[in-house]
Amino acid sequence: MMAFSAAPVAQAGTPKDTFVIARNIADIINLDPAEVFEFSGAEVITNMYDRVMTFEPDNLTKLVGGTTESYSFSEDGKTITLKMRKGIVFHSGNPMTAEDVAFSLQRVVKLKKTPSFIFTQFGWDKDNVDGLVTAPDADTVVLKITADLSPGLVLNALSAGVGSVVDKKLVLSHEKDGDLGYEWLKTNDAGSGPYMLKTWKASELVVLERHDKDRHGVAAMKRVIIRHVAEASAQRLLLEKGDVDASEDLTADQLKGLEGKEGVEIDTFPQSNLMYLAMNQDVKVLTDPKVQDALRYAIDYSGLSESVLQGSYKIHQAFWPSGMWASYDENPYSMNMDKAKALLAEAGYKDGGGLKLTIDTLNKSPFKEVAQSVQSSLKQLGIDAEIILSDGATLWPKYRARKHQLIIARWGPDYSDPHSNADAFAHNPDNRMEAKLTGKLSWRNAWAKDWATKEAEAAAKETDLVKREAMYKELQKKMQSDSCYAIMFQLVGKIGRRANVKNYVRGVTFDQVYFRTVTK
Amino acid sequence: MTRKKGAGPFPPLPPFARNLLRVVFTLALTFLGLMAVTFFIGRVLPTDPAMAAVGNRASEAVYQAKRLELGLDRPILIQFWLFLTSALQGDFGKSIMTSKPVIDDLKRFFPATLELATVATLFGVLFGVPMGVIAAVRQSKLTDHIVRVLGLIGYSVPIFWLGMVSLVVFYAKLDWLPGTGRLDIYYDGIVDHVTGVILIDSALAGEWEVFNNALGHIILPAAMLALYSLAYIARMTRSFMLDQLSQEYVLTARVKGLPERTVIWRHAFKNMLVQLITVIALSYVNLLEGSVLTETVFAWPGIGLYITNSLFNADMNAVIGGTIVIGACFIGINMLSDVLYRLVDPRAR
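Scoring rules and cut-offs
Residue indices begin from 1 for each chain and proceed along its sequence in written order. Labels follow written order: the first chain is A, the first ligand is 1, and so on. Local features in a predicted model are, by the rule used here, given only for residues with pLDDT of at least 70; side-chain atom pairs are given and counted only at 80 or more, and totals for whole chains, interfaces and linings are based on all residues. Helix numbers and strand numbers start at the N terminus; a helix is a DSSP run of H or I with at least 4 residues, a strand a run of E with at least 2. For a compact globule the rule gives 2.2 Å times the number of residues to the power 0.38, and the radius of gyration it is set against comes from C-alpha atoms. To sort residues by burial, count the other C-beta atoms lying within 10 Å of each one's C-beta; a count of 20 or more means buried, 12 or fewer means exposed, and anything in between means partly exposed. C-beta atoms are built from the backbone. The contact rule is simple: place each C-beta atom from the backbone, and if two of them lie within 7 Å, those residues are in contact. When residues are grouped by polarity, Ala, Val, Leu, Ile, Met, Phe, Trp, Tyr, Cys and Pro land in nonpolar, Asp, Glu, Lys and Arg in charged, and all others, Gly among them, in polar. Structural elements are reduced to axes, namely lines fitted to C-alpha atoms, with helices fitted over the stretch in contact, and the angle between N-to-C directions of any two is expressed from 0 to 180 degrees. Relative orientations are named as follows: roughly parallel for angles under 35 degrees, roughly antiparallel for angles over 145 degrees, roughly perpendicular for angles from 65 to 115 degrees, and oblique for any other angle. Any two strands with at least two DSSP-identified bridges between them are counted as paired. pLDDT measures the predictor's confidence residue by residue and takes values from 0 up to 100. Under the convention used throughout, the expected extent of a helix is 1.5 Å for every residue step, that is, one less than its residue count. The term nonpolar core refers to a set of buried Ala, Val, Leu, Ile, Met, Phe, Trp, Tyr and Cys residues connected through C-beta atoms within 7 Å.

**Student:** Just give me the short version of the overall build of chain A, but keep the residues and values in it.
**Tutor:** A tally of regular secondary structure across chain A gives 18 helices and 19 strands. Taken against the 2.2 N^0.38 rule, which gives 24 Å for 520 residues, the C-alpha radius of gyration of chain A at 24 Å falls within 12% of a compact globule. When the backbone C-alpha atoms are referred to their principal axes, chain A occupies close to 75 × 70 × 40 Å. In chain A, which comprises 520 residues, the share counted as buried stands at 53%. Residue pairs at least 24 apart in sequence account for 68% of intrachain contacts in chain A once pairs closer than 6 positions are excluded.

**Student:** Can you explain the overall build of chain B? Please cite residues and give values.
**Tutor:** What chain B contains, in helices and strands, is 14 helices and zero strands. Its helices and strands taken in sequence order, chain B reads α-α-α-α-α-α-α-α-α-α-α-α-α-α from the N to the C terminus. Considering only C-alpha atoms, chain B reaches an extent of 85 × 85 × 40 Å along its principal axes. Here chain B, with 349 residues, has 44% of them falling under the buried criterion. Put simply, 70% of the contacts in chain B that link residues at least 6 apart link residues at least 24 apart.

**Student:** Just give me the short version of the interface of chain B and chain A, but keep the residues and values in it.
**Tutor:** Interface size is commonly expressed as the accessible surface area that is lost when the partners come together. With 52 residues of chain B at the contact, the number on the chain A side is 48 residues. Only α2 (49–54), α3 (60–69), α7 (159–173), α9 (208–245), α12 (292–297) and α13 (303–312) of chain B provide two or more residues apiece to the side of chain B that touches chain A. Considering every element that reaches the side of chain B that touches chain A, the biggest residue donor is α9 of chain B, with seven residues. Class assignment for the residues of the side of chain B that touches chain A results in 27 nonpolar, 16 polar and nine charged.

**Student:** Summarise unusual backbone geometry; cite the residues concerned and give the values.
**Tutor:** Residues and elements named next belong to chain A. Of note, the amide linkage connecting S365 to P366 takes the cis form, showing an omega dihedral of 0 degrees. With respect to the helices, strands and loops of the structure, P366 is situated in the loop between β14 (356–362) and α13 (367–380). With a phi angle near 55 degrees, K112 is a residue other than glycine that sits in the positive phi range. The topology assignment puts K112 in the loop between α2 (98–111) and α3 (117–120). Backbone geometry places A446, a non-glycine residue, at a positive phi of 55 degrees. Summarising the element assignment, A446 is placed in the loop between α16 (441–444) and α17 (450–461).

**Student:** So what's going on with the packing of helix α8 (residues 232–241) of chain A against α7 of chain B? Which residues, and what values?
**Tutor:** Running from N to C, α8 of chain A and α7 of chain B point in directions that differ by 10 degrees, and their axes come no closer than 10 Å. Taken together, α8 of chain A and α7 of chain B sit at an angle that is classed as roughly parallel. From α8 of chain A, S233, A234, L237, E240 and K241 of chain A reach across to α7 of chain B, where they touch M164, L167, V168, Y171 and A172 of chain B. Class assignment of the residues belonging to the contact of α8 of chain A with α7 of chain B gives a composition of seven nonpolar, one polar and two charged.

**Student:** Requested: an account of the pairing of strand β3 (residues 59–65) of chain A, with residues and values cited.
**Tutor:** Residue and element names in this part refer to chain A. Bridging between strand β2 (residues 53–56) and β3 involves four bridges; their strand directions are antiparallel. Looking at the pairing, F55 lines up with L63 of β3. Turn length for the β2-β3 hairpin, with the two strands adjacent in sequence and antiparallel, is two residues.

**Student:** So what about the pairing of strand β12 (residues 264–279) of chain A? Which residues, and what values?
**Tutor:** Residues and elements named next belong to chain A. With 12 bridges joining them, β12 and strand β17 (residues 485–498) adopt antiparallel strand pairing. Each bridged residue has a counterpart across the sheet, and for L274 the counterpart in β17 is Q490. As paired elements, β12 and strand β16 (residues 406–411) share six bridges and run antiparallel to each other. Residue pairing across strands places M275 opposite R410, the latter belonging to β16.

**Student:** Talk me through the sheet that holds strand β4 (residues 68–73) of chain A; I want residue IDs and the actual numbers.
**Tutor:** Residue and element names in this part refer to chain A. Read from one edge to the other, the open sheet built from four strands follows the order β4-β5-β7-β6, with strand pairing classed as antiparallel. Unpaired on one side and paired on the other, β4 and β6 (133–137) mark the two borders of the sheet. The sheet shows a mean angle of 25 degrees between the axes of neighbouring strands, taken without regard to direction. Packed on one face of the sheet, α2 meets β5 (79–84), β6 and β7 (140–144) and runs near 170 degrees to β6.

**Student:** Would you mind going over the confidence of the model for chain B in detail, with residue names and values included?
**Tutor:** Residue and element names in this part refer to chain B. A residue-level look at chain B finds 97% of positions with pLDDT of 70 or above and a mean pLDDT of 87. The least confident element of chain B, judged by mean pLDDT, is helix α1 (residues 15–44) at 83; the most confident is helix α8 (residues 198–204) at 95. Both scores are available for the predicted complex, with the pTM at 0.87 and the ipTM at 0.81.

**Student:** An account of α13 of chain A is requested, with residue identities and associated values reported.
**Tutor:** Residues and elements named next belong to chain A. With 14 residues, α13 extends 20 Å between its outermost C-alpha atoms, agreeing within 8% with the 20 Å of an ideal straight helix rising 1.5 Å per residue. Residues of α13 that are buried sit in contact with β12, α11 (301–308), β14, β15 (384–390) and β16. Where α13 terminates, the next one or two residues include G382, which has phi positive at roughly 90 degrees.

**Student:** An account of the environment of A486 of chain A is requested, with residue identities and associated values reported.
**Tutor:** Residues and elements named next belong to chain A. Within the fold, A486 resides in strand β17. In sequence terms A486 and K467 are 19 residues apart; their C-alpha atoms lie 26 Å from each other. Residues contacting A486, with those up to four places away along its chain left out, are Y276, L277, L295, R296 and I299.

**Student:** Summarise the nonpolar core; cite the residues concerned and give the values.
**Tutor:** With 251 residues, the main nonpolar core has Y276 and I408 of chain A as its most contacted residues. No other element matches the 21 residues that α9 of chain B contributes to this core.

**Student:** Before we move on, can you summarise the packing of helix α5 (residues 102–137) of chain B against α13 of chain B with the specific residues and values?
**Tutor:** All names here are of chain B. At a closest axis distance of 7 Å, the pairing of α5 and α13 adopts a crossing angle of 130 degrees. Between α5 and α13, the angle is such that the two are oblique. Between α5 and α13, the residues in contact are D105, F109, F110 and T113 and I303, G304 and Y306, respectively. Its residues assigned to classes, the contact of α5 with α13 comprises four nonpolar, two polar and one charged.

**Student:** Hey, could you go over the confidence of the model for chain A for me, with residue numbers and the actual values?
**Tutor:** Low pLDDT means the predicted coordinates in that region are not meant to be read closely. Taken residue by residue, chain A gives an average pLDDT of 94. The fraction at 70 or more is 98%. Ignoring residues within four places in sequence, the model shows residues 1–10 of chain A, a span with pLDDT below 50, making 21 contacts including any to other chains.

**Student:** Just give me the short version of the environment of D249 of chain A, but keep the residues and values in it.
**Tutor:** All names here are of chain A. Looking at where D249 falls in the secondary structure, it is placed in the loop between β11 (246–247) and α9 (252–258). On the neighbour-count criterion, D249 (17 C-beta atoms within 10 Å) is partly exposed. Here the alpha-carbon distance between D249 and V133, two residues 116 residues apart in the chain, equals 40 Å. Beyond its immediate chain neighbours, meaning those up to four positions away, D249 contacts R23, N24, A232 and Q235.

And the structure:
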């Protein structure tokens, strides 16, 4: 070690074999794949665990086997047989078998954490899952689906974070009071993926180390360090100085400032998050289709996209994001105040008719700016709208209790199948307050249409892929003009990266982030 | 033997024991009040700890299960009682935000803030006290005006902005100091966590390169915090010193022909020490709990940021744990001030 000197020296640059990322990781609250549902946490577990099904970085739209070498369906589509990929080794050194896969899927259902609905929709519950998910031998996993769902949907859902395979032996060695190792796995690692968890210090850093026995081969980067830097300006400085290799929360201003800077490049990629305005159907005036359409015409889509959002969102008006299978990319609405005024007048609200509404949204950019723009447009229609800004901890309980009027919020799919968003936006089989289908946006907005529910269910069951795609596109098209939503924008991901860093692949969904391809 | 009228069944306690009992009783009451106020404020806020834990997308069944797990279905007084009995055993529960026991989080976050606030206070005292004294001695002269302007800057310039500007200048442009965080990535994990204060841990381990790096990292955030502390200490020192300089004993000392330096530092300064200790103690406690913005800009994993993030996420175990630590610091530093009063002022003994 160097002797102490009076003037502290700043050591610039990152090691050649280490990939250093600056981002706000305050949202990592847990690293158990049965529970992780936050953006940063999902990125980390993607690189720690192999999933039953997956998307590889060389083709982010093609579903392929992860721990699964091959699969087959029974004639009725209710039984799926998965054959294990050979030679997968956990970070602990234990070999992966079908037992581990069956245990991991059963564990998600038994623990009943937030993302467990992805599997319980198959008809699995804690009492029947041991019989429906089995491992008859070390190389075979058999899944029985009791719900009426397309096998394709089931395979897509197995590519979600809950489809991560955990090391059964290791996890159960840490089990306490029958918790299936939950308390331990929240902060530890039982994966087989390209990187192993070395350190997680909440709101400080995550350190991952390379797993040399990864099934894909040895990754170029020996370590990946994610540093918590909450302030975007500080992220930019660190990137410019070369003290980090990538900065992931840069604002539009900072990205603009980085354009043309030597040694820094900007990556742009579509993301699956949608920003929408929803109208609570418990508020009588908002149930009128003419009022709904008037509001859709009053939104300044292009103005917002170009000015406030500065390219960080693009216009997208259907419930399934562009760039994903079965997306519908037509955007029929643009700002037309004359039409909006006429529609309002037809609905009996000439010059606003003294209407007063509230707009709930998150107290952060760009939601508040978008809310201000909508407020200003409504003012031009003669509607007096009050903006209510809240943090998530206040806003979400209010939304789930249907206590809002208008709300501007964001939604991203839970897994890579259009049913994920069709279920949220369109499906509402029981609109009663006591039904409490709070996970569905349709229920939260008290929007229940038989046709939409039936079409969402039919598409989820359809086994013919071509027909299924057409059904989702049709449903999206219909809901653009007949629903409680004005879907406005789709997120465009942008990160700053040092020019010497190559092959940092990120996909459309929030957890398609691959560290193993990175080179420097 | 007959007892005196009105005497209890026990012999009267000696004064020392009575004082000790009084202190213990006051401390217990203060902590109880602190816990109660924080707990009940947390429960009346329109935030939902269960929702914060399970997230916006959870099904009603998952959400209700979490409410049960957190005991939120029970009457609020029962919730408080359960919390209190656990807290008295040193168990503040687990944090929603970190999935770890709050006590473990506090062991990590508090030393980071303690380190930052201590260095900042040292800066504040080393520069603020002489500046205040000089400003008083040279009242209404150029030096006094300079100190006043510096004080004004310390009070009024937003620390968030100043922090960013200092990073741009000293880190990005001049390359004199390292960037954000407590250490460069090269040094993370080299030194074992003993006290959690990296400057101390690295010195104890003899890892001078780590010490050097940690020192570099603390200079900017500590200087930002110190600016506020310095402004406050300098302003108050000036005021105390002006008050002393107008006293008759100062006039007498001057008439006796004592050198001005002796009059100021051995007489006037000594007499204002009690007040100054109070000011420094208050400033130190303020920095311990009020450095959120500095911690945000410099990605410093401190307790201010921990409490603030926890509050936004309705992580009430973490909020209460953090508040108790800050409360304990407040009480501890006040008691230390009392001890120092007695040392510097014989009348207080």
